[in-house]
Amino acid sequence: YRSDVEERLRYRLYFIGAEPGHGALNLRKQQRSVEDTMKQIPLIFKTDSYKTGHFEQMNRDADRIYIYGESRYGFDNLVWYGLQGIIKLHLMETITVESVEQMRRFTEAHGTSFNYDGWMDIAVNFEGKLPFTIRALPEGMVVPSRTPVFVLYNEGGKRTSWLIPYFEALLHRVWYPTVVATKDLEKYAMLRKWAEKSVDDVDAYLTFALHDFGARGASSSETAAIGGSAHLMGMFRGTDTLEGAWFAKEAYGLNDDVAGYSVNAIEHNVVLSHGVENEYNLFKDLIDLYLPAGKIISIVSDTRDIDAAVDWYIDNQDYIADQAAKGGEGSRVVVRPDSGDPIEVPVRVVKKLIKGMSKYVTKNNKGYLVLPSWIRVIQGDGVELEQMDAIHTLLTDAGISAENIIFGQGGSMLQAHGRDDAGFAMKMSAMEVDGRMVKTSKKPKTDARKHSREGYFKVARDENGDIVTLATDDPENSGLLEVVYSNGELIRDMTFDQVRANYEIFVNKKWNC
């Protein structure tokens, strides 16, 4: 039986271009090998090609090299976040003899030099643990641009000073969660401006005013996980990026069960599965299913005609109100337009609902019109900060509260970012040679923005509680730059709650809330 099966397999493999003689089990083993390799790229490979040759170019008299990371431009304030996740994802791995040999063979073919003896020294004599220390600010802190957020230096003297620039590319990637969180702060500031003007319960509205729709636009699961968690570490709690909510709990730890929340919602495919001619019957079925149960249902309503759909909600407002009453305060229909002009269409939808449901519409304590609690609008198509700001401008000018609409952000939430958004860079500021500190800095005359710091420094709070960076003669006197990683071990393990608490210090001080 076995030989008969393998004979038929060889016959089939011949016609699909595989090498005859490969059994199905061998093919599966090969497939698993590729999958395992892609899932776990060896740590020694997580660098730039040219870094592998820097060991023979660096000053060999240096006993210790100091390199720091900072945002040089782009934002007035930076939300520092994500280093712990990167450390846990990558730097807890040990360097093995096998990976050193693999890298030796690779660089020989690749065309770059490689410090075989140095890496073997780490693999064998340092037990594969990376001999350097990282000091960093507590995550969640909001600091001025040009504030050093971490410092990296080697342990082990001249034997390891060559190593410090090696993982610049890997550590540089902390720019990404930091930029996502920083741009979220800008969006929060804009949304808070309109909430304070036109919403009674400002904080309750803001908690779910901006929802993460970015998973499908992210380039990878790791991007979605890290960026999605960056959205949740601030003041927003709405997300459809499950990987981000998972990462927040797994990489940081959380007192609550989850870091973010979502609601039941339909997409166009749900409507299409019932036939577009049955769209409004589906709306009714969804209202019957969710509202009496005290739940929220978000209904994409532009499969055919968004204006006709809004008319349906208006025509059936009493029925919706009755079904919502059965479920209580948590019952709600959220109308989602998903095409057309991203400013004009949602404004038109809100205004039309306000006018058509006037008998249920109220004025809040600030004098702005509010839809009944059982219906709201979400705009999740083509939403940027500028569009959200314009929508709220038009609505409040018409006497309509900001609380009638929330937003979902897709690709621009997690993907439309770059390192240069924050001018993030890592540069050497000092080295130790024969027990003395030698200051180093970069000062290109063609771009003052790229000037770097020199010497040792610390980050501290001044008498007003503001963040400042000060020169120091003692590298151990680094102020708020705490040891987070040393010699292959995670030293500081923050919880997501602690990260959020640091962020809230800034928010509470800025907005007196």
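Let me begin by describing the structure that accompanies this report. Computed from a predicted model, the values in this text were never measured in an experiment.

## Some details on the overall build of the protein
The helix and strand tally for the protein stands at 18 helices and 20 strands. With the C-alpha coordinates aligned to their principal axes, the bounding extent of the protein is approximately 85 × 80 × 45 Å. The buried share among the 513 residues of the protein stands at 50%. In the protein, once contacts between residues fewer than 6 apart in sequence are set aside, the share between residues at least 24 apart is 76%. As displayed, the protein offers around 23500 Å² of accessible surface, 49% of which is attributable to carbon and sulfur atoms. Taking the average place of the 60 positive charges on the side chains of the protein and the average place of its 74 negative ones, the gap between the two points comes to 2 Å.

## Notes on the sheet that holds strand E3 (residues 132-136)
If you trace the seven strands from one edge of the open sheet to the other, you get E16-E15-E1-E5-E3-E19-E20, paired in antiparallel fashion. Either end of the sheet is taken by a strand with one partner, and the two such strands are strand E16 (436-439) and strand E20 (489-490). Two strands pair when backbone bridges link them, and strand E15 (residues 424-433) and E16 are joined in this way by four bridges, in the antiparallel orientation. Directly across from Val 433, in E16, lies its bridge partner Arg 436.

## Concerning unusual backbone geometry
Positive phi is not limited to glycine here, since Asp 434 has a value of about 50°. When you line up the elements, Asp 434 lands in the loop between E15 and E16. You can call Asp 434 exposed: its relative accessible area is 64%. Although it is not a glycine, Asn 487 sits at a positive phi angle of roughly 50°. Take Asn 487: it is sitting in the loop between strand E19 (482-486) and E20. In this structure Asn 487 comes out as partly exposed when scored by relative accessible area, which is 33%.

## A word on the packing of helix H3 (residues 83-91) against helix H10 (residues 242-252)
Look at H3 against H10: their axes get within 10 Å of each other, and the N-to-C directions meet at 75°. Taken together, the axes of H3 and H10 lie roughly perpendicular to each other. The segment H3 lies against H10, with Leu 83, Gln 84, Gly 85, Lys 88 and Leu 89 engaging Phe 247, Glu 250, Ala 251 and Tyr 252.

How each quantity is defined
Residues numbered from 1 in each chain as written. Predicted model: local features only at pLDDT ≥ 70, side-chain atom pairs only at ≥ 80, totals over all residues. Heavy atoms only, no water. Helix = DSSP H or I, 4+ residues; strand = E, 2+ residues; numbered from the N terminus. Buried < 20%, exposed > 50% of the residue type's maximum accessible area, 1.4 Å probe, protein only. Contact = heavy atoms within 4.5 Å. Areas by Shrake-Rupley, 256 points an atom, 1.4 Å probe, with all protein chains shown as cover. Lys, Arg positive; Asp, Glu negative; His and termini not counted. Charge placed at Lys NZ, Arg CZ, Asp CG, Glu CD. Pairing = 2+ DSSP bridges. Axes fitted to C-alpha atoms, helices over the stretch in contact; angles between N-to-C directions. Parallel < 35°, antiparallel > 145°, perpendicular 65-115°, else oblique.

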